[in-house]
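Letter by letter, the chains look like this.
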Amino acid sequence: MTAEPPLVLDIDGTLTRPEGWGIDPRVFEPLYEWDAPIVIATGKAFPYPIALCHFVGIPELVVAENGGVVYTGDDVHFTADREAARAVVEDYRAAGYDLGWGAADTVNRWRETEIAVSLEQPLEPLREIAAEHGLEVIDTGYAYHVKDTDPNKGEGVVRIADHVGIDPADCVAVGDSINDVSTFETVGRGFAVANADEAAKAAADEVLDDVHAEGTLAVLERVRGTT
């Protein structure tokens, strides 16, 4: 008897519309009907993937903030300290720069372990200041993420897999960015959508012909009932 494999899915650039912004509604039904665990692994703040799981109607299995926050369905684990990231923000602002999200800053308001900076802001001074605090800056194509050098999505996937009783080697992942490399290195099969950056493409087992959710939907159709 065949069954669908567990999935590990990024959000931005992977479940989004072809123009790159907003969830493509076509992903909702196949994810809702999927009969294996689905891990949402993203750089977004913790509430965003939780809300996505809620609205799709799937169990909440989440790696958020590039591995800084992991929810196994029963417990929330924080794997990085946000204080250093906050210190970077203070120094960045003191140097005359801004995070770029406006006064309300809904991008960072609910972050627990890292800070995201708009791509319109200067990168090099951000990298320099982050390094002074022992942090790194990764460009996901949607924001500059100031984060601890240790936690990553792949480690979060392993923690969730251990808790729910699945083998990461049985999982299929789809992603688009450098922050998905650790996921691709963890799972059995990794697919990079056509809009992925070079790091993700190099780490994936296969680079898809289609972009964004088009690529993800093609993978779901291909792997359905293959395990």
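Predicted model only: the values in this text are computed from it and were never measured.

Calculation criteria
- Residues numbered from 1 in each chain as written.
- Predicted model: local features only at pLDDT ≥ 70, side-chain atom pairs only at ≥ 80, totals over all residues.
- Heavy atoms only, no water.
- Helix = DSSP H or I, 4+ residues; strand = E, 2+ residues; numbered from the N terminus.
- Expected span 1.5 Å × (residues − 1).
- Buried < 20%, exposed > 50% of the residue type's maximum accessible area, 1.4 Å probe, protein only.
- Arc of directions from axis to C-beta.
- Axes fitted to C-alpha atoms, helices over the stretch in contact; angles between N-to-C directions.
- Parallel < 35°, antiparallel > 145°, perpendicular 65-115°, else oblique.
- Left-handed = near helix turned anticlockwise from the far one by under 90°.
- Contact = heavy atoms within 4.5 Å.
- Nonpolar A, V, L, I, M, F, W, Y, C, P; charged D, E, K, R; others polar.
- Domains from an automatic or database assignment.
- Buried area = accessible area lost by both parts, 1.4 Å probe.
- Salt bridge = Lys/Arg side-chain N within 4 Å of Asp/Glu carboxyl O.
- Polar contact = N/O pair within 3.5 Å; in protein donor to acceptor, adjacent residues only side chain to side chain.

Draft legend 1. Region of interest: helix H8 (residues 212-223). With 12 residues, H8 should reach 16 Å at 1.5 Å per residue; the first-to-last C-alpha distance of 17 Å fits that figure. Taken together, the buried positions of H8 are occupied by His212, Ala213, Gly215, Thr216, Val219, Leu220 and Val223. Viewed end-on, H8 has its buried residues packed into an arc of 155°, placing them on one side of the element. At the C-terminal side of H8, Gly225 shows a positive phi close to 70°.

Draft legend 2. Spatial organisation of the packing of helix H3 (residues 82-94) against helix H4 (residues 124-132). Orientation of H3 relative to H4, taken along the N-to-C sense of each, is 135°, at an axis distance of 9 Å. The angle between H3 and H4 falls in the class oblique. For the element pair H3 and H4, the recorded crossing hand is right-handed. On the side of H3, the interface is formed by Val88, Asp91 and Tyr92, while H4 contributes Pro125, Leu126, Ile129 and Ala130. Grouping the amino acids of the contact of H3 with H4 by side-chain chemistry returns 6 nonpolar, no polar and 1 charged.

Draft legend 3. Here's a closer look at the domain arrangement of the protein. In terms of domains, the protein is made up of domain 1 (7-78 + 151-223) and domain 2 (82-147). With centres defined by C-alpha atoms, the gap from domain 1 to domain 2 works out at 24 Å. Between domain 1 and domain 2, the contact holds 22 residues from the first and 13 residues from the second. Taken together, both faces of the contact between domain 1 and domain 2 bury some 1200 Å²; the carbon and sulfur share is 55%. Of all residues in domain 1, Tyr48, Glu65 and Asn66 give up the largest surface area on contact with domain 2, accounting jointly for 32% of the area buried on that side. Remark: the boundary between domain 1 and domain 2 carries 0 salt bridges. On the surface where domain 1 and domain 2 come into contact, there are 10 residue pairs in polar contact (both at pLDDT 80 or more).

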